[in-house]
Amino acid sequence: SPSRVLMADGHQAISTSTSTMGGSSDTPTPPAATTADQDSSEATASLARRVISRITGGTTSTTSSSAPASARSQSASAFASSGTYVRRAHHAGSWYSSNAEHLDATLGRYLSDAEGKSSAKSGTRAIGGSDEVPRVPRAIISPHAGFDYSGPAAAHAYLALKEALMAAATHHCSGAAHKDFTIVVLHPSHHVYLSGGAVSGATELQTPLGNLLVDGNLRSQLLNSGKFSIMERHVDEAEHSGEMQYPYIAKVINDALGEGSTKSLHVRVLPIMIGATSTSQEQKFGLLLAPYLAQPNIFTVVSSDFCHWGKRFSYYPHLSTNPDDGTPFNQISDYIEWLDRKGMNDIEMQDPGAFATYLREHSNTICGRHPIAVWLHSVATNGQDGIEKVNVMFVDYDQSSRVATVDESSVSYASAIARLISGASIDRSI
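**Topic: the overall build of the protein**
Along the backbone of the protein there are 13 helices and twelve strands. The proportion of buried residues among the 430 residues of the protein is 55%. Split by element, the accessible area of the protein, about 16,900 Å² in all, is 49% carbon and sulfur.

What follows is the structure, given as structure tokens:
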């Protein structure tokens, strides 16, 4: 029903809110890093400091002042002396079932259906006619509406996370008794004004399918850059675009563990909110995050829906014919899909500049456009530096409804997978 759509896929705060991150006494604290964590991240942290130096023109101790006063970056030491919180599953019972058995069955059905559809397609494709064939998944783009709406599309992406977990257990750090694996969730802000980036202050993320541990060590490294704020508890819990990824993450972890080969994996998650960043900020955050996201034991989830079309979103352009070839659109939903796929093509081309131009020209209401752009800059940087080369491919597309008149509305859902390319020059010695 329309009221249900408003609740579960509405994203009513697409335009920037003027509220700030203030007023909560729940100031977060990262858990102390273990010796193993410190050893495994030392090389990455060293490179990240050099990257920050490149960004800031030689200084590494600058502090971001782009966020409002209540959301400005705190030092890591001040953060460590504060309290901690467990992020509650705030949207359970409304946007998705709070019943573990029901939720597990629902997500399981979506994954099974997606697997069946994927098996019927050619799963990989060569790049530019070369012999470079995509292999292990490194990142996904996944929608974040209520599962009744976007759950089937998201399943196509989350099959790739399960595949990556299985590959990590089999191939990464094969000599270690326990293997660390971190899932970075880049998501937008729908309810607070933020002009930079903010990390979650939680120690755990609750889901009906089990709690997810937060990677406090990676969080501390990012805070030490001086470029990130810390989400307070009420901000973290109100934001649905991160939370709608957590049950799926828990589900595929549980499924992989059930198959036995990932029992030695220590899986953690780090949510990162990307606010209303400028194109220059997106480039800087992408450059900063690039060495982290290139690590073989770090997987990226980019949370975004695509076009929010209709009067309730104050966005309802439409054309009767396709500007590319002059063929008629049968209905408005066909135009919306054409519009979305133009942006999806720029993402597949891994071209952040083209994606920025597309957004300027069409103003498409892609709510995760800022985290997508940050991630694209990371991908482009790693590819240009010869650190990691990936193939990005959209694997599913859907709309909440097929719009036929200007009095209707819809939200688009698209899932993409970025896979490592065999034959690429990949340097893991950073």
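**A few points about the packing of helix H11 (residues 332-348) against helix H12 (residues 352-362)**
Contact geometry for H11 and H12: axes closest at 8 Å, N-to-C directions at 160°. By the angle between their directions, the pair H11 and H12 is classed as roughly antiparallel. The hand of the H11/H12 crossing is left-handed. Contact residues: Trp 338, Leu 339, Asp 340, Lys 342, Gly 343, Asp 346 and Ile 347 in H11; Ala 354, Phe 355, Tyr 358 and His 362 in H12. Here the contact of H11 with H12 is composed, by residue class, of six nonpolar, two polar and three charged.

**A closer look at the nonpolar core**
Within the largest apolar cluster, 92 residues are counted, with the highest numbers of intra-cluster contacts made by Tyr 158, Phe 181, Leu 222, Ile 249, Ile 272, Ile 347 and Trp 375. Broken down by element, this core gets its largest block of residues, twelve residues, from helix H5 (residues 147-171).

**Some thoughts on the packing of H12 against helix H13 (residues 369-384)**
The contact between H12 and H13 brings their axes to 9 Å, and the two run at 160°. Between H12 and H13, the angle falls in the class roughly antiparallel. On H13, the residues that touch Pro 352, Phe 355 and Leu 359 of H12 are Arg 369, Ile 372, Ala 373, Leu 376, His 377 and Ala 380. Here the contact of H12 with H13 is composed, by residue class, of seven nonpolar, one polar and one charged.

**Points about H13**
With 16 residues, H13 should cover 22 Å at 1.5 Å per step; its first-to-last C-alpha distance of 22 Å lies within 8% of that length. Burial within H13 is extensive, with 13 of its 16 residues counted as buried. Of the residues one or two after H13, Gly 386 is the one with positive phi, at around 75°.

**Things to note about the pattern of salt bridges**
The final tally for this structure, using the stated rule, is 13 salt bridges. Note that Glu 163 and Arg 419 form a salt bridge whose closest N and O atoms lie 2.9 Å from each other. Of this pair, Glu 163 sits in helix H5 while Arg 419 sits in strand S12 (residues 410-421); the two residues are 256 residues apart in sequence, bridging distant segments of the chain. With relative accessibility at 34%, the residue Glu 163 sits in the partly exposed group. The partner of Arg 268 in a salt bridge is Asp 180, and the shortest N-O contact between them spans 3.2 Å. Of the two residues, Arg 268 sits in strand S8 (residues 265-274) while Asp 180 sits in strand S3 (residues 179-188), which places them 88 residues apart along the sequence. What emerges from the salt-bridge pattern is a single network uniting Asp 334, Glu 337, Arg 341 and Arg 402.

**Some remarks on the environment of Thr 321**
The topology assignment puts Thr 321 in the loop between strand S10 (308-309) and H11. For Thr 321, a relative accessible area of 36% corresponds to the partly exposed category.

**Quick word on helix H10 (residues 279-293)**
An ideal rise of 1.5 Å per residue puts 21 Å on 15 residues; H10 measures up with 20 Å between its terminal C-alpha atoms. Where burial is concerned, most of H10 is hidden: eleven out of the 15 residues are buried. Listing the buried residues of H10 in full gives Gln 281, Glu 282, Phe 285, Gly 286, Leu 287, Leu 288, Leu 289, Ala 290, Pro 291, Tyr 292 and Leu 293.

**Let's talk about the packing of aromatic side chains**
One pass over the structure, following the stated rule, counts nine aromatic pairs. Ring centres of Phe 306 and Phe 394 lie 5.9 Å apart, and the angle between their planes is 85°; on these two criteria the pair is classed as edge-to-face. Placement of Phe 306 in the loop between strand S9 (298-303) and S10 and of Phe 394 in strand S11 (residues 390-399) is noted, with a sequence separation of 88 residues between them. By relative accessible area, which is 10% here, Phe 394 ends up buried. Centre to centre, the rings of Phe 355 and Tyr 358 are 6.2 Å apart; their planes meet at 20°, and the pair counts as stacked. You can see Phe 355 and its partner Tyr 358 sitting in helix H12, three residues apart, about one turn around the helix. Overall, the relative accessible area of 1% leaves Phe 355 in the buried class. Within the aromatic cluster, the residues linked to one another by ring pairs are Tyr 96, Phe 147, Tyr 158 and Tyr 248.

**Section: the pairing of S8**
Burial runs high along S8: nine of the ten residues are buried. Here S3 runs beside S8; their pairing, made up of ten bridges, is parallel. Looking at S8, one finds that Pro 188 is bridged to Ile 274. Taken together, the three bridges between strand S4 (residues 197-199) and S8 define a ladder with antiparallel strand orientation. Following the sheet pairing, Val 199 is matched in S8 by Ile 272. For strand S6 (residues 212-214) and S8, the ladder comprises two bridges, and the chain directions are parallel.

**A look at the confidence of the model for the protein**
With 72% of its residues at a pLDDT of 70 or more, the protein has an overall mean of 80. When the criterion is pLDDT under 50, residues 122-130 qualifies, and its contacts beyond four places in sequence or with other chains add up to 13 contacts.

Quick notes on the rules
- Residues numbered from 1 in each chain as written.
- Predicted model: local features only at pLDDT ≥ 70, side-chain atom pairs only at ≥ 80, totals over all residues.
- Heavy atoms only, no water.
- Helix = DSSP H or I, 4+ residues; strand = E, 2+ residues; numbered from the N terminus.
- Buried < 20%, exposed > 50% of the residue type's maximum accessible area, 1.4 Å probe, protein only.
- Areas by Shrake-Rupley, 256 points an atom, 1.4 Å probe, with all protein chains shown as cover.
- Axes fitted to C-alpha atoms, helices over the stretch in contact; angles between N-to-C directions.
- Parallel < 35°, antiparallel > 145°, perpendicular 65-115°, else oblique.
- Left-handed = near helix turned anticlockwise from the far one by under 90°.
- Contact = heavy atoms within 4.5 Å.
- Nonpolar A, V, L, I, M, F, W, Y, C, P; charged D, E, K, R; others polar.
- Core = buried A, V, L, I, M, F, W, Y, C linked by side-chain atoms within 4.5 Å.
- Expected span 1.5 Å × (residues − 1).
- Salt bridge = Lys/Arg side-chain N within 4 Å of Asp/Glu carboxyl O.
- Phe/Tyr/Trp six-rings, centres within 6.5 Å; stacked < 30°, edge-to-face > 60°.
- Pairing = 2+ DSSP bridges.
- pLDDT = per-residue confidence, 0-100.

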